[in-house]
Every structure is written in structure tokens, then in C-alpha cells.
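Structural features, examined
Spelled out, the chains give:
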Amino acid sequence: MTLPKLAALAALVLALSSGPSLASFGLFCEGPDGVSASIPLGGGVGLTPLGAEIQAAGQIWTTEEGVSGTIEIAPGQSAQVGDQLYLDFADPNLEVVIAELRLFWAMENDEPVYGGTLRIPGQGAWPISCGAG
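First, a word on scope: everything that follows refers to the structure included in this document.

Definitions and cut-offs
Residues numbered from 1 in each chain as written. Predicted model: local features only at pLDDT ≥ 70, side-chain atom pairs only at ≥ 80, totals over all residues. Heavy atoms only, no water. Pairing = 2+ DSSP bridges. Helix = DSSP H or I, 4+ residues; strand = E, 2+ residues; numbered from the N terminus. Polar contact = N/O pair within 3.5 Å; in protein donor to acceptor, adjacent residues only side chain to side chain. Buried < 20%, exposed > 50% of the residue type's maximum accessible area, 1.4 Å probe, protein only.

Moving on, we come to the pairing of strand 2 (residues 36–42). Two faces belong to every sheet, and in a regular strand the side chains alternate between them. One ladder, built from 3 bridges, connects strand 2 with strand 4 (residues 53–56); its direction is antiparallel. Across the sheet, residue alanine 37 finds its bridge partner in strand 4, namely isoleucine 54. Looking at chain direction, strand 2 and strand 3 (residues 48–49) are connected through 2 bridges and run antiparallel. Paired with leucine 41 across the strands is proline 49, a residue of strand 3.

Encoded structure:
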């Protein structure tokens, strides 16, 4: 690679790495009977679910559009109050709540440990435990 190409590549890497970034993490939850939820959360101001995939009662709900065999959902209301976390997912028109996660957490070895419930009206409610990463 020539020196001008190396300089251009270095400038590109520097420009991409020096922009603002928001920390993010995700919740990975499991419960009985194959129940699971994977929810990436954005950092910055407020609590922002970036997406979700929830499996329960033999069905899959996801925020990804057009995935065959799934039910589409959208992030609804979310809040953090003290040591509790509330996440709702609704239909794409945000008219009806489809899934509710109600979590609490405790710190263990400087890591949060989450537990709570996943409720899908008309389908059931399950205890879940979650990890963050």
C-alpha cells in the first residue's frame, strides 16, 4: 500500500473513531418452557430499547419487519424507577400492548442481576431471570 493510501486510511479510521458514541448493552432473559427475550438497549439519555425478540407459548415476537413466522412488535413505553425496569412492546401502530417485562435488579460482584416477569396478554405470564451484557 502506498503512503498516500495509508494516510487516507488512517484519516478515515481516526474520523470514524473520534465521533460521539453512545454506550449500549442488552438484556438476555430466560424462563421456563423455552421462554426467552433478547433486548438491546441504547445508552445515553433515557432508556431506549433498540429492538427485541421474545419467544413464548410457541410463538416469536420481533421488532424486525417482515420476518416470516413471527409477530411484529414495536418498542412502547419504558421506564426505570429505582431498582425496577419496565419495558412494554406494542403492535406496530402502538395501539395495544403485546408484551410486558417487569424487572428488578440487585448488584452482585459489581454486575447487575435481573429477575421478574414476562407477560403476554392472552398467552400467559412467566418468571424470568436476565443477564446484561
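Turning to the side chain of aspartate 91, a few remarks are in order. Mapped onto the elements, aspartate 91 comes out in the loop between strand 8 (84–90) and strand 9 (97–108). Separated by 2.7 Å, the side chain of aspartate 91 and the backbone nitrogen of glutamate 95 make a polar contact.

What follows covers the pairing of strand 8. A large share of strand 8 lies buried, amounting to 5 of its 7 residues. Where strand 7 (residues 74–81) meets strand 8, 6 bridges bridge the pair, whose relative direction is antiparallel. By the bridge assignment for strand 8, alanine 79 is matched with tyrosine 86. Adjacent in sequence and paired antiparallel, strand 7 and strand 8 are bridged by 2 residues, among which glycine 82 carries a positive phi angle near 60°. Both strand 8 and strand 9 contribute to a ladder of 7 bridges, which runs antiparallel. Bridge assignment links alanine 90 to a residue of strand 9, and that residue is valine 97. Hairpin connection of strand 8 to strand 9: 6 residues between the antiparallel strands, including leucine 94 at a positive phi of 60°.

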